Amino acid sequence: MDRKSSDLRKIYPLFMEMNHSRFVSMVPSIETPTKPKQVAQSNEIQNTKVALSQVEVIKKLMEVYQLLCEISQLINQHFQLQILCFSFNTFLSIVFNVYYILIFRNIIASSSGPEADARASAMESLICFMAISIVGCIMDILCIVCACEHTVNAAKKVSKTVAKMLYKDNLAHEAKEQLSKFALQMVHVFPKFTVYGMFSVDGTLLFTIAGASTTYLIILFQLTLKEDGSSYNNVAPTGNSTA
């Protein structure tokens, strides 16, 4: 008897816990009748919560966009001289390195004699060094241009997204008003990287450097050919006079 009572004492708490868990699991399934007025109020509260969350998200985006514009203005104010000197150095390095690479290749092709091989090997090492220098300059300017171009493209993408969202019907009225303010902000303030207003630091800078380098290379080769022609004309009369 004592053994049975002890077993019942052990089983009873487990049984009560099982019944309690079953009762708790059944409680959510019991639906209490709600009035239409309560349903309308709950829907209105939910809509206001959604509108407030949308407005808060748009305000945060506006703050981030304004911060991005301020950072671009600070970069334009404090790093214009450095970017200008770096761009000018890159331009000069590309022009003169390409010019001397072509000159050295012409000398190697026209050289002959016992010392031609030693001279050619020395010039080829110089050509490799100049080519590496050109690649390094292009990579440096490419890093700056890609960072600025990516920032400007991201700002343009945000403006396009805001313009599309203004025509959506599932947005709340408060959210649309905030989006219209955001669009007005993007019209007046836009991130842009310039160097004293002379040129913009974006993808067009690479084409500008390439076009200017090509132009000055053509001018240098024309001057070189003119100097070679004038030296030949100066040597020719002396040869005829000695003859």
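Here, the structure is the one placed above.
Everything numeric in this text was worked out from a predicted model, so none of it was measured.

A. Quick look at the overall build of the protein. A tally of regular secondary structure across the protein gives 6 helices and 2 strands. Residue burial in the protein is summarised as follows: out of 243 residues, 23% are buried. Long-range contacts, defined here as pairs at least 24 residues apart, represent 80% of the contacts in the protein between residues at least 6 apart. Carbon and sulfur atoms provide 65% of the accessible area of the protein, an area that totals close to 18200 Å².

B. Just the packing of aromatic side chains, in detail. Taken as a whole and assessed by the stated rule, the structure comprises 5 aromatic pairs. An aromatic cluster is defined as three or more aromatic residues linked by ring pairs; in this entry it consists of Tyr 99, Tyr 100, Phe 104 and Phe 221.

C. Region of interest: the packing of helix H4 (residues 116-165) against helix H5 (residues 173-188). At their nearest, the axes of H4 and H5 sit 10 Å apart, and the two run at 145 degrees to each other. For the pair H4 and H5, the crossing hand works out as left-handed. Counting all contacts with H4, which are made through Val 158, Ser 159, Val 162 and Met 165, the residues of H5 involved are Leu 179, Phe 182, Ala 183 and Met 186. For the contact of H4 with H5, a count of residues per class yields 7 nonpolar, 1 polar and no charged.

D. Spotlight on the side chain of Ser 93. Mapped onto the elements of the fold, Ser 93 is located in helix H3 (residues 80-110). With residues near it in sequence (within four places) discarded, Ser 93 still touches Ser 133, Ile 134 and Cys 137.

E. The arrangement of the nonpolar core in detail. Within the largest apolar cluster, 19 residues are counted, with the highest numbers of intra-cluster contacts made by Val 201 and Leu 205. Looking at this core, the elements with two or more residues in it are H3, H4 and helix H6 (203-242). At 9 residues, the largest contribution of residues to this core is made by H4. In contact with Leu 205, other than residues within four places in its own chain, are Ser 87, Ile 141, Val 145, Phe 199 and Ser 200. One finds Met 62, Tyr 65, Ala 155 and Leu 179 within the second-largest nonpolar core, a separate group that totals 11 residues.

F. Summary view of the side chain of Ser 213. Relative to the elements of secondary structure, Ser 213 occurs in helix H6. A relative accessible area of 5% places Ser 213 in the buried class. Ignoring anything within four residues of it in the chain, the contact list for Ser 213 reads Phe 91, Ile 94 and Val 95.

G. Examining a positive patch on the surface more closely. Together, Lys 156, Lys 160, Lys 164 and Lys 168 make up a positively charged patch on the protein surface. Position of Lys 164 among the secondary structure elements: in helix H4. Residue class for Lys 164 comes out exposed when judged on its relative accessible area of 62%.

H. Seen up close, the environment of Glu 70. Assignment of secondary structure puts Glu 70 in helix H2 (residues 36-78). Considered as a pair, Glu 70 and Val 189 are 119 residues apart in the sequence and their alpha carbons are 9.3 Å apart.

Here is what the cut-offs are and how they apply
- Residues numbered from 1 in each chain as written.
- Predicted model: local features only at pLDDT ≥ 70, side-chain atom pairs only at ≥ 80, totals over all residues.
- Heavy atoms only, no water.
- Helix = DSSP H or I, 4+ residues; strand = E, 2+ residues; numbered from the N terminus.
- Buried < 20%, exposed > 50% of the residue type's maximum accessible area, 1.4 Å probe, protein only.
- Contact = heavy atoms within 4.5 Å.
- Areas by Shrake-Rupley, 256 points an atom, 1.4 Å probe, with all protein chains shown as cover.
- Phe/Tyr/Trp six-rings, centres within 6.5 Å; stacked < 30°, edge-to-face > 60°.
- Axes fitted to C-alpha atoms, helices over the stretch in contact; angles between N-to-C directions.
- Left-handed = near helix turned anticlockwise from the far one by under 90°.
- Nonpolar A, V, L, I, M, F, W, Y, C, P; charged D, E, K, R; others polar.
- Core = buried A, V, L, I, M, F, W, Y, C linked by side-chain atoms within 4.5 Å.
- Patch = residues over 30% accessible without salt bridge, like charges linked within 9 Å, V, L, I, M, F, W, Y side chains within 5 Å.
- Salt bridge = Lys/Arg side-chain N within 4 Å of Asp/Glu carboxyl O.
- Lys, Arg positive; Asp, Glu negative; His and termini not counted.
- Charge placed at Lys NZ, Arg CZ, Asp CG, Glu CD.

Interpretation in functional terms is not warranted from these geometric data alone.
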